[in-house]
Structure formats: structure tokens, C-alpha cells
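The chain contents come next:
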Amino acid sequence: MTAKLENLSSAAAQKASEALSKLTGRPAHVEVVRAEIRPVTELVPAIGPEEVVVGVCLPVTGDATGASLLVFPKESALVLADLLAGREPGTTTALSGLDESALKEVGNILTGAYLAVLADASGVWLVEHVPNLTCDMFGAIASQIVAGLAQEDAEALIVEVEFAFQEPVLKSHLILFFGAEDARMIFPAMALA
Amino acid sequence: MNRAEVHMGHVRVSGNGETLTASGVGSCLVITLYDPVHRIGGLAHAMLPPASRPSGRNGHDTKYTDAAIDDMLKRLSARGADTRRLEAKLVGGANMFPDLKSDIGEANVASAKEKLASENIRLAAESVGGAIGQSVEFCSVSGIVTVKKKF
């Protein structure tokens, strides 16, 4: 992780921690374990293509076009849904409509926090849209977003971030997809990649 | 038996008993072609319909369904396949986020069917559309396509 990306990620994590604490009514600590900028062709190997995940996708528009995808292993999503609803972790075995709404809100919070610091740092206007949730194989979910961007640019790039929620620790990936030209405008650290 | 994963935008043709795979297929479209006499086949993991190809872009880019089929036909012919006997199977073309109203998957399926028809290739089977991801295994010796779903 470059120093610039680390600073941006720390700022996003702090914003997300505050917002998640408010949402859950308990202390929540978001930590960016890793932040990388990669070509999308290297994305799927980072998470197994057949791994069943819960994905929250938010289209991004503004001065750039892209999308964010918050990905939880299915088991982590169930535990997080319990925490958000004030249930004992491990209670839920299938997500209800209310659980899905809560997870979408987490997607809103994390995406919003990261986009806000990227927008501040780059001066690029970014708008997140209504979240969409699905549960399936990671490869099937991510490839649709990649295909959507590939219509405009064959060399889209991503930022991958791991978030840890403490007590219990829940890992997830937040992936921001932008076309190559938009990414160069948004991520000043790209020049170092 | 050897296995080879065919990633997005790629094509692979095999006549030596390889099993060709494509894992976690959503809106992408897997197209298999098989010659039952020569017992050779190919698998394409296409991403986009030809209509989304920007003007001036390389027409041979195998991420597009039409170019992927053309590429497989060329490679299969070079290995001695009789293109008049080929049979095709299609898997994928889903919309993983129905609320986003993406038509990429649907357009992939339609464009591939159109291309196959124009090449007089028989469509033997399909598992397309919906909102569920699929993984594909294609036995290049038998032509059998196995589809796995998580739900």
C-alpha cells in the first residue's frame, strides 16, 4: 500500500467507524488491512470465483463512472446481520428482507466513506447510487460489474480493501471499480503503481 | 485428466482429452462447440455482445461473443474439425443484480444465438438467463457439459 493510499484508507476507515457505530449502537472499528490498485484481470484470484458471498453493489456516477462492491463471505454476512439487528451472533441462518436492508446500509456507509475521501483528495465529483444486494458465487457477481465497465474501457482498475469489524471480527472486501482513465484521475497514487 | 480454466475474454480449443472449465459465470456467456466425429471441442468465455464494441476497436477481441465464436471456429478447423457437424451449448447470460436492469447477459445470449444461426451451427442445449451464477465443465472428448450452481 502506498503512503498516499494508506492515508486515504485510514481517513475512510475513521469515517466508516463513526457511521457504523451510530448504526449498530455499539463501538465499531473499521480497519483497512490492505489497499491495492490492480487490473481487473487479477481481481477474481483474490477471492475464489466459486466462493459464495453476499455482495452489495452501488453504481457510481459523477465526473467518473464506476461501481463499488462490498463482499462478505456468507457466514460473515449472517453474523453481521445479527449484530445489526441486536441478535446474538449465530442466530440467523437466512437473511430476511430487513437484514438485507441493513447490509445494504453498511454498503452505503463503507462506500460513502471511501468515495468521500477519494473525492476530497482528487477533486473528482463522485455520487453513489441505490445499493443492490445478491448472494452467489463471487466470480459471477464481480464479472457482471467488470463487463459493464469493459463496455467503455478494456482496462478497468480496482481498489481492494479489507475491513475488520471487531468483537467479533468480520472480514470483507470493498472493491471500487473504475475505468482506466477515470482511475488515473481519481487515484493520484496510480502513478506509483 | 488435465483441466484448464478459461478466464473471461479467452478461448481454448482442445483435442487431447482436456476438461475445460469456467468458474463463477454470471452475465458472461460460455459457448462450447464440439465435433462428435473428431471428438474435439472448444470453450469460449465471452463477456459482451458485439453491439457494445466501440467503433474502431479490434474486431478479433474474443471478449465479444461473435469474435469468440469466430476464433473457436478457426482453431477447430485448423485441428481438423468439420464445422458442419459442430454442436453448440450455451451457459450463463444471467443478471446477478436484477434491480440494476442490466441487459448484458440477455444480449450476450441473443447475439451468440444469432451468430450460431448465421454459421449454421446447431444449438444442442442451453442453461441461460435468470439471476444465478453457474460454473461450467466441458469434457472435450465426450462433449458433455456439466453445470454447477450454488443454489
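Note: the structure precedes this text.
The paragraphs below set out a description of the structure included in this document. (Residues numbered from 1 in each chain as written. Chains lettered and ligands numbered in written order. Predicted model: local features only at pLDDT ≥ 70, side-chain atom pairs only at ≥ 80, totals over all residues.)

Considering the sheet that holds strand S4 (residues 29-35) of chain B
Residues and elements named next belong to chain B. Taking strand neighbours across the sheet as the criterion, the five strands line up as S2-S5-S4-S6-S7 in an open arrangement whose pairing is mixed. The open sheet has two edge strands, strand S2 (11-14) and strand S7 (122-128), and neither has a second partner. Sheet twist, expressed as the average angle between the axes of neighbouring strands with direction ignored, equals 15 degrees. Relative to S7, strand S6 (residues 87-92) runs parallel, the two sharing six bridges. Directly across from Leu-90, in S7, lies its bridge partner Glu-126. (Pairing = 2+ DSSP bridges. Helix = DSSP H or I, 4+ residues; strand = E, 2+ residues; numbered from the N terminus. Axes fitted to C-alpha atoms, helices over the stretch in contact; angles between N-to-C directions.)

Considering the sheet that holds strand S8 (residues 134-139) of chain B
All names here are of chain B. Strand order in the open sheet formed by four strands is S1-S3-S8-S9, and the pairing between neighbours is mixed. Whereas interior strands pair on both sides, the edge strands pair on one side only; in this sheet they are strand S1 (3-5) and strand S9 (145-148). Adjacent strand axes in the sheet meet at a mean angle of 20 degrees, parallel and antiparallel pairs treated alike. Relative to S9, S8 is paired through four bridges, and the arrangement is antiparallel. Bridging across to S9, Phe-138 finds its partner in Val-145.

Quick notes on the pairing of strand S7 (residues 170-178) of chain A
It is a general feature of regular strands that their side chains alternate between the two faces of the sheet. Residue and element names in this part refer to chain A. The buried count for S7 comes to seven of nine residues, which makes it a mostly enclosed element. As defined by bridge partners, strand S3 (residues 66-73) adjoins S7 across six bridges and the pair is classed as antiparallel. Residue pairing for S7: Leu-70 is matched across the bridge by Leu-174. (Buried ≥ 20, exposed ≤ 12 C-beta atoms within 10 Å, placed from the backbone.)

A word on helix H4 (residues 138-150) of chain A
A rise of 1.5 Å per residue sets the reference length of H4 of chain A, with its 13 residues, at 18 Å; its end C-alpha atoms lie 18 Å apart and thus fit the reference within 8%. The buried fraction of H4 of chain A is high, at 13 of 13 residues. (Expected span 1.5 Å × (residues − 1).)

Concerning the environment of Val-40 of chain A
Among the secondary structure elements, Val-40 of chain A is positioned in the loop between strand S1 (32-39) and strand S2 (52-62). Between the C-alpha atoms of Val-40 of chain A and Ile-175 of chain A, which are 135 residues apart in sequence, the distance is 10 Å.

As for the interface of chain B and chain A
Opposite the 22 residues of chain B that make contact, chain A presents 18 residues. Ranked by the residues each element gives to the side of chain B that touches chain A, the list is headed by strand S3 (residues 19-25) of chain B, at three residues. Grouping the constituent residues of the side of chain B that touches chain A by class yields eleven nonpolar, eight polar and three charged. (Contact = placed C-beta atoms within 7 Å. Nonpolar A, V, L, I, M, F, W, Y, C, P; charged D, E, K, R; others polar.)

Shape descriptors only; they carry no functional weight alone.
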